[in-house]
Amino acid sequence: MVSAAIQHAEAPPGLQTFASDGDRSRLTSAAVKAVLRLIGAWGASNAEGAALLGVSESTWDRMKAGTWEGSLGQDQLTRASALIGLFKGLHLLFANDMADRWPKLENRAPLFDRRSPIGAMIEGGIPRMLETRQYIDALRGGL
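Once a new chain begins, its residue numbering starts again from 1 and follows that chain's sequence as written. Under the rules for a predicted model, residues below a pLDDT of 70 receive no local features and side-chain atom pairs below 80 are neither given nor counted, while totals for whole chains, interfaces and linings still include all residues. Hydrogens and water molecules were not included; the side-chain quantities draw on all heavy atoms of the structure.

The name given to the protein chain in an unreviewed UniProt entry is Antitoxin Xre-like helix-turn-helix domain-containing protein, and the organism recorded there is Novosphingobium marinum.

Shown next as structure tokens:
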């Protein structure tokens, strides 16, 4: 049984958990716009974009059309945060178009097991997305 103290525990100051409805409502629009742009820059398909963000393809289509009026959940904002951080890290690591090509390229690193980072992140969900972001941060010396 979860104790009342754990149920109502608050995150340390400065740690974003995306737990409050207000935070999720405030951040959703910017997160959706950013993820739509980075998926486009990476040349990923609609199916890949939807899977990475954790939404249905029909919701993804509405997001792209600008007709979706929902709010992202905590897991979806965590996914968006990981993808945005990965996008930024790639652009800091690579000074050319490799930053946008890298997510679709087969990768021999053990983390990816000869799959593309996008494929590995779709298969591995949030944990693999966070590991991929950490991997890029470590490559650029930012860990």
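**Student:** Describe in detail the environment of serine 58, supporting the description with residues and values.
**Tutor:** Numbering of helices and strands runs from the N terminus, with a helix taken as a DSSP run of H or I at least four residues long and a strand as a DSSP run of E at least two residues long. By the secondary structure assignment, serine 58 is in helix H4 (residues 57–65). The class of serine 58 is partly exposed, set by a relative accessible area of 41%. Expressed as a C-alpha distance, the spacing of serine 58 and asparagine 46, which sit 12 residues apart in the sequence, is 9.6 Å. For serine 58, the side chain forms a polar contact with the side chain of serine 56, separated by 3.1 Å. Note on classification: 1.4 Å probe, protein chains only; a residue is buried when its accessible area is under 20% of the maximum for its type, exposed when over 50%, partly exposed between these limits. Any pair of N or O atoms that falls within 3.5 Å is considered a polar contact. Within protein, one atom must be able to donate a hydrogen and the other to accept it, and sequence-neighbouring residues count only if both atoms are side-chain atoms.

**Student:** Explain the packing of aromatic side chains residue by residue, including any values.
**Tutor:** Only Phe, Tyr and Trp rings are paired, with Trp represented by its six-membered ring, and only when their centres lie within 6.5 Å; those with planes under 30 degrees apart are stacked, over 60 edge-to-face, the remainder tilted. Using the criterion set out here, one finds 4 aromatic pairs in the structure. A ring pair is formed by tryptophan 102 and phenylalanine 112, whose centres lie 5.7 Å apart and whose planes are at 80°; its orientation type is edge-to-face. Of this pair, tryptophan 102 sits in the loop between helix H6 (98–101) and helix H7 (117–139) while phenylalanine 112 is found in the loop between H6 and H7, placing the two residues 10 residues apart along the sequence. Residue phenylalanine 112 is classed as buried on the basis of its relative accessible area of 0%. Between phenylalanine 112 and tyrosine 135, the aromatic rings sit 5.4 Å apart at their centres with planes inclined by 85°, giving edge-to-face as the arrangement.

**Student:** Tell me what's going on with the pattern of salt bridges, and back it up with residues and numbers.
**Tutor:** For this analysis, a salt bridge means a side-chain nitrogen from Lys or Arg found within 4 Å of a carboxyl oxygen belonging to Asp or Glu. Using the criterion set out here, one finds 8 salt bridges in the structure. As a salt-bridge pair, arginine 115 and glutamate 123 come within 2.9 Å of each other at their nearest N and O atoms. Its salt-bridge partner being arginine 128, residue glutamate 131 comes within 2.8 Å of it at the nearest N-O pair. Of this pair, glutamate 131 and arginine 128 both sit in helix H7, 3 residues apart, which is roughly one turn of that helix. One network of salt bridges, in which partners are shared, links Arg133, Asp137 and Arg140.

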